[in-house]
Amino acid sequence: MLKKQVGIIGMAIMGFNLSLNIEKHGYNVSIFNRSREKTDKIIFENPKKKLFPYYTIQEFVFSLQNPRFIILMVQAGKVTDYFLDLLEPFLEEKDIIMDGGNSFYKDTIRREKKLLKKNINYIGAGISGGEEGALNGPAIMPGGKKYIYEFISPVLKKIAAKTSKGEACVTYIGPNGSGHYVKMIHNAIEYANMQLISEIYFLFKKIFNFNNNYIANIFTKWNQGELNSYLLKITCNILVKKDEKNDFLLDKILDIADNKGTGKWAIHEALDLNEPLTIATESIFSRYISVLKKERIQASKIFFGTKKTIKKYPKNIKVYIEKMRKALYLSIIISYTQGFSQLRNASNTKKWNLNCKKIAKIFRKGCIIQAKILKEIINSYENNIKTTNFFLEPYFKNISNTYQQSLRDVIIYAIQHGIPIPALSSAINYYDNYRTKFLPSNLIQAQRDYFGSHYYQRIDKSGNFHTKWAE
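Residues numbered from 1 in each chain as written. Predicted model: local features only at pLDDT ≥ 70, side-chain atom pairs only at ≥ 80, totals over all residues. Heavy atoms only, no water.

Convention followed: UniProt positions are given in the numbering used here, feature names are shortened, and annotations may be inferred rather than shown by experiment.
An unreviewed UniProt entry lists the protein chain under the name 6-phosphogluconate dehydrogenase, decarboxylating, from Candidatus Westeberhardia cardiocondylae. If you open the UniProt record of the protein chain and go to Sequence similarities (unreviewed entry), you find "Belongs to the 6-phosphogluconate dehydrogenase family." In UniProt, the protein chain has this text filed under Function (unreviewed entry): "Catalyzes the oxidative decarboxylation of 6-phosphogluconate to ribulose 5-phosphate and CO(2), with concomitant reduction of NADP to NADPH."

Here is the structure:
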């Protein structure tokens, strides 16, 4: 029997499309899914593909050449552990399992330790790009033993997205759970940018009364410049999509946003690391508030907002549209800033030695947060490899100083009209906190010392101090 080079477990959209991606690059692929019906359907609809179905884990494992390379594309958490338990009795030393799901990085660390006791290799790989990326080339973020990555890298480099210069959007991230950690931060940036774009859309809709076509035209024009990104591109397509009644489909979608947990993990990690991941945090909280639909409907009937009419346009609409473009771009810059700052902090704390420039490079194609801004992030790391925060580098300094007033103007206008903009507001708050030489934290330290004897430090003396404030 011909041994297959790669095996994939999990034939949902991502797993199925990834198997097609691998197959079209010349590999024979063994596939397994808990539901036999789905496996049969895939084989029936793809008769000429080198996809080989198996219906027991034992048959699946034994169909693969040694050392076996198995990719798990199943639900994170208990389902991943379930399949690892099924696989383990049939695996041999030096076999390789790559978890391509959205696993929590600490679970990846635990699983790697367990399997290494039997000399079975484990790679935790973040994979971004959704259905289209899995099929045509995702961004891949593998973490684990470097020599194992090097062994499987020929496959990963072939299936990964490619830049215009042919560079594969995959690189070795670092030890154990680092690959899934980077994917977690990728998703936090994704959450933040989706919220920022939605807030600008909402301002156009509620203040200017622009229709979807007009907003799509604005976003299309913006997407041709420094705001160019995958998320803005798909937003343009979403805005103009019509339903069966020829109405804008977006206008009929319920305003309740779901989440799958990776954003929440990123926030927990930010708290543990004392990192101000504020825009992503506000974005998650906005989704939570969106779920309170019944309460929001009730509140809308009893609470007053601004007395200003939302039909009153700014005096010069074109000038204000440009201010909104600048506000969005600066806010998106800050969202990337916060994400990469957390990566740097995690790298130092966990001794992962992450290369932020290489990480930015693999985000350029195939993934949800691919954007033109990544070129400037990469340039900043190349020009100053020791930078603690690329936000401090010349390009971002100049943009920030030039665009910050536009962000303020947009926020003020939104507040005057009672339009919620938590992510945009969070961006300017981060900017102002970050640029402020002296914050009111001295009073907080004094308060903490007053009621809890927590001590404080002084600017004119070294050491820790305590005062009996009531005397």
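**Comments concerning the overall build of the protein chain**
As a reminder, the rule being used: The secondary structure listing takes helices from DSSP runs of H or I that are at least 4 residues long and strands from runs of E that are at least 2 residues long, numbered from the N terminus. In this description the radius of gyration comes from C-alpha coordinates, and the expected globular size is given by 2.2 Å times residues to the power 0.38. Buried, partly exposed and exposed residues are distinguished by accessible area as a fraction of the type maximum, computed with a 1.4 Å probe on protein chains only: under 20%, between the cut-offs, and over 50%, respectively. Any pair of residues with heavy atoms lying within 4.5 Å of one another is described as a contacting pair. To measure how exposed things are, a 1.4 Å probe is used in the Shrake-Rupley method; for residues, cover is taken only from the protein chains shown. His is not counted, nor are the chain ends; Lys and Arg add positive charge and Asp and Glu add negative charge. We put the charge of a Lys on NZ, of an Arg on CZ, of an Asp on CG and of a Glu on CD.
When helices and strands are counted, the protein chain shows 19 helices and seven strands. Taking 471 residues into account, the globule formula puts the C-alpha radius of gyration at 23 Å, and the protein chain, at 25 Å, falls close to it. In terms of overall dimensions, the protein chain has a C-alpha envelope of 80 × 70 × 45 Å along the principal axes. The buried share of the protein chain, taken over its 471 residues, is 50%. Taking the intrachain contacts of the protein chain between residues at least 6 apart in sequence as the baseline, contacts between residues at least 24 apart amount to 68%. Counting only carbon and sulfur atoms, one obtains 54% of the accessible surface of the protein chain, whose full area is about 24,200 Å². If the 70 positive side-chain charges of the protein chain are averaged to one point and the 41 negative ones to another, these points end up 5 Å apart.

**Focus on the packing of aromatic side chains**
The criterion, for reference: Only Phe, Tyr and Trp rings take part, Trp by its six-membered ring, and two of them pair if their centres are within 6.5 Å. Stacked means planes under 30 degrees apart, edge-to-face means over 60, and tilted covers everything else. In our convention, an over-ring charge means Lys NZ or Arg CZ found within 6 Å of a ring centre and within 35 degrees of that ring's normal.
Here the structure, examined in full by the defined rule, presents 32 aromatic pairs. Taken together, the ring pairs connect F204, F208, F210, Y214, F219, W222, Y320 and Y413 into an aromatic cluster. In this structure, R287 packs its charged tip against the face of Y191, placed 4.0 Å from the ring centre. If you follow K350 out to its NZ or CZ, it ends over the ring of W352, 5.8 Å from the centre.

**Considerations on the packing of helix 11 (residues 262-273) against helix 14 (residues 317-350)**
Relative orientation and spacing of two packed helices are given, respectively, by the angle between their axes and the distance between those axes. Rules: To obtain an axis, a line is fitted to C-alpha atoms, over the contacting stretch when the element is a helix, and the angle between two such axes runs from 0 to 180 degrees between their N-to-C directions. Throughout, the term roughly parallel applies to angles under 35 degrees, roughly antiparallel to angles over 145, roughly perpendicular to angles from 65 to 115, and oblique to all others. The crossing is said to be left-handed when, going from far helix to near helix, the turn is anticlockwise and less than a right angle, and right-handed when the turn is clockwise.
The contact between helix 11 and helix 14 brings their axes to 11 Å, and the two run at 60°. Overall, the two elements helix 11 and helix 14 adopt an arrangement that is oblique. The handedness of the crossing between helix 11 and helix 14 is left-handed. In this structure, helix 11 contributes A266, E269, A270 and L273 to the contact, and helix 14 contributes Q342, N345, A346, T349 and K350.

**Some words on the environment of Q342**
One can find Q342 in helix 14. Residues Q342 and V182, spaced 160 residues apart in sequence, show a C-alpha to C-alpha distance of 9.8 Å. Apart from residues no more than four positions distant in its own chain, Q342 is found in contact with Y181, I185, A266, E269, A270, L273, E275 and L277.

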